[in-house]
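A structural walkthrough
What follows is each chain in one-letter form.
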Amino acid sequence: MRKKILFLSLLGSTILTGSPDCKAQNLSEPLIIREQGSFAAGGTIVPATGEYDPVNFRNPGGQNAYTDHAYVFYQLPPDAKRLPLIFLHGGGQSGKTWESTPDGREGFQTIFLRKGYGVYLVDQPRRGRAGAASFPGEITPLHTEIMLFSLFRIGQWPKLFPGVQFPGDEESLHQMFRQGTPDTGPYDDTVTIEAMSALFDKIGPGILITHSRDGYPDWLTTIKNDRVRAIVSYEPGGSAFVFSEGEVPEPIQTSYGLLTPKEVPSADFKKLTEIPIIIYYGDNIAEQPTPHIGQDQWRGEMQLAKKFAAVANRYGGDVTVVHLPELGIYGNTHFPMSDLNNIEIADLLSAWLEEKELN
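Quick look at the structure, then. (Residues numbered from 1 in each chain as written. Predicted model: local features only at pLDDT ≥ 70, side-chain atom pairs only at ≥ 80, totals over all residues. Heavy atoms only, no water.)

Side note on the layout of surface pockets
The line we're drawing: Here a cavity is any set of points on a 1 Å grid over the protein atoms alone where a 1.4 Å probe fits but cannot get out, and a pocket is any open set with protein on both sides within 12 Å along at least 5 of 7 lines; a residue lines the site when it has an atom within 4 Å of a point. Grid points are joined across faces, edges and corners, and a volume is the space filled by probe spheres set on the points. Under the scheme used here, helices are H or I runs from DSSP no shorter than 4 residues and strands are E runs no shorter than 2 residues, and both carry numbers assigned from the N terminus. Put simply, Ala, Val, Leu, Ile, Met, Phe, Trp, Tyr, Cys and Pro go in the nonpolar bin, Asp, Glu, Lys and Arg in the charged bin, and everything else, Gly too, in the polar bin.
A volume near 880 Å³ is recorded for the largest pocket. Surrounding the largest pocket, 34 residues form its lining, G91, G92, T144, M147 and L148 being those nearest its centre. Of all elements in the fold, only α2 (145-151), α3 (170-178) and α7 (293-314) reach the threshold of two or more residues within the lining of the largest pocket. Within the lining of the largest pocket, the residues separate by chemical class into 13 nonpolar, 16 polar and 5 charged.

See the structure below:
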């Protein structure tokens, strides 16, 4: 479909207005795409000893395994803006995070296409469509729906938080839980960072947008590859933050576990002060310690985010931490890109991209 114009009729009737990057238009209008495609980025080749036997052709001898790459699906609109958006999902997820929402509305993938950005959706190595792993892993059913309901701050099972922005009907919840996908091999940040750097080597400069557990690889990808022009991180977690040597704060205890920030050389940390960074957190985050794991984990993570911003900005950085309720935006979950107000959340990002002259 390369170099052709595709007209895709999409469902929805919301009018998108007031965005700095997008004239008012109906989201049910055809979506115009100049180019789309997919490719693998990075990865390793693992040879097997022996010789290939055409009779016993299933024997690995003499053959290579192609593993540990990222899968990337991209779409480019006509007259795309200078810098594309590269979307990396969080733990237990895939590029589905950025596609249509659990209740079928448009997600960030097409919202930002309509705003004129090229979009690249990544499945990280050893997960989803990039499941070929260089090391074996054990895949078992994950009995986690109640835990995730809390961690995603949809509510306290089985009740939704009052005013929560998640579409909390039964089918939407089922769709949310079904978009998770297991690791096919041991989780390894280095493998993800190598693949993401290879992606930027291939496509050139862009804006890295991450979610949750993969907030950590975005810092290291930026340190490794100077083609990252900005970082947008939605609720980075999993002890995601890095600090310059000698500046690492004490770990923070939460009911989810101990959140331990990581140290990097000061020369590496300085690279994070040379690009604009914005970090978003939603609603229903505890102000004081609580046994509710979702509310308490993100209490600790947001504290670390603020400490990271303070250190980076003291070194001349440009890091902003946004707590949405402080802007009068309430009810957002751990997945603001899927929430009922995801267009408002996208418009916030559009305004920031314009402010930083990244659009």
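Comments concerning the packing of aromatic side chains
Test applied: Each pair of aromatic rings taken from Phe, Tyr and Trp, with Trp reduced to its six-membered ring, is defined by centres within 6.5 Å and is described as stacked if the planes are under 30 degrees apart, edge-to-face if over 60, and tilted in the remaining cases. The cut-offs for exposure are 20% and 50% of the maximum accessible area for each residue type, with area from a 1.4 Å probe on protein chains only; residues under the lower value are buried, those over the upper are exposed, and the others partly exposed. Look at NZ for Lys and CZ for Arg. If either is within 6 Å of the ring centre and within 35 degrees of the ring normal, a charge sits over the ring.
All told, the structure shown has 18 aromatic pairs when counted by the stated rule. Each ring, one from Y234 and one from Y280, has its centre 5.0 Å from the other, and the planes form 15°; the classification is stacked. With Y234 in strand β14 (residues 228-234) and Y280 in strand β19 (residues 276-281), this residue pair connects regions lying 46 residues apart in the sequence. Judged on exposure class, the residue Y234 and its partner Y280 are both buried. These aromatic residues form a ring-pair network of at least three members: F87, W98, F108, F112, Y117, Y234 and Y280. Here the guanidinium or amino end of K115 rests over the ring plane of F112, the centre of that ring lying 6.0 Å away. Over the aromatic face of F39 sits the side chain of K202, whose NZ or CZ is 4.9 Å from the ring centroid.

Some words on the pairing of strand β13 (residues 206-211)
What counts, and what does not: Here, any two strands with at least 2 DSSP bridges between them count as paired. When the strands point away from the viewer and the connection leading from the first strand across the helix to the second strand turns clockwise, the crossover is called right-handed.
Counting buried residues along β13, 6 of its 6 residues qualify, which places the element largely inside the surrounding structure. The sheet contact formed by strand β9 (residues 85-88) and β13 spans 4 bridges and is parallel. Across the sheet, the residue bridging to L85 is I207, located in β13. Sheet topology note: the β13/β14 ladder contains 6 bridges and is parallel. Across the sheet, the residue bridging to I207 is A230, located in β14. In the classification by handedness, the crossover that spans β13, the intervening helix α5 (residues 215-224) and the parallel β14 is right-handed.

Let's talk about the nonpolar core
Defined as follows: By nonpolar core we mean a set of buried residues, namely Ala, Val, Leu, Ile, Met, Phe, Trp, Tyr and Cys, connected to one another through side-chain atoms within 4.5 Å. Note on contacts: a residue pair is in contact if any heavy atoms of the two residues lie within 4.5 Å.
Ranked by internal contacts, the top residues of the largest apolar core, which has 45 residues, are W219, F241, L272, I277, I279 and F308. Among the elements that take part in this core, α7 stands out by supplying 8 residues, more than any other. Excluding residues that lie within four positions of it along the chain, I277 makes contacts with W219, I231, L272, F308, D318, V319, T320 and W352.

Examining the environment of P325
Here P325 lies in the loop between β20 (318-323) and α8 (342-355). Along the sequence, P325 and Y281 sit 44 residues apart, while their C-alpha atoms lie 8.8 Å from each other. Here P325 is in contact with Y281, G282, D283 and Y330, once residues within four sequence places are set aside.

Looking at α7
To be explicit about the condition: Helices are assigned an expected span. That span is 1.5 Å times one less than the residue count.
Counted at 1.5 Å a residue, the expected span for α7 with its 22 residues is 32 Å, and the 32 Å between its end C-alpha atoms agrees. Trailing α7 by a residue or two, G316 shows a phi angle of about 90°, which is positive.

Thoughts on unusual backbone geometry
Here the residue pair W157 and P158 is connected by a cis peptide bond, since its omega of 0° sits within 30 degrees of zero. In this fold, P158 is placed in the loop between β11 (155-156) and β12 (159-160). Positive phi, close to 55°, is recorded for E357, a residue that is not glycine. One can find E357 in the segment after α8.

A short note on the pattern of salt bridges
Defined as follows: Criterion for a salt bridge: a side-chain nitrogen of Lys or Arg within 4 Å of a carboxyl oxygen of Asp or Glu.
Per the stated rule, a full pass over the model turns up 17 salt bridges. Note that R227 is salt-bridged to D201, the shortest N-O span being 2.8 Å. Linking R227 in the loop between α5 and β14 with D201 in helix α4 (residues 189-203), this pair joins segments that are 26 residues apart in sequence. On the basis of relative accessibility, which here comes to 30%, the residue R227 falls in the partly exposed class. Among the residues examined, D201 registers a relative accessible area of 46% and is labelled partly exposed. Residues participating in the shared-partner salt-bridge network are D318, E355 and K356.

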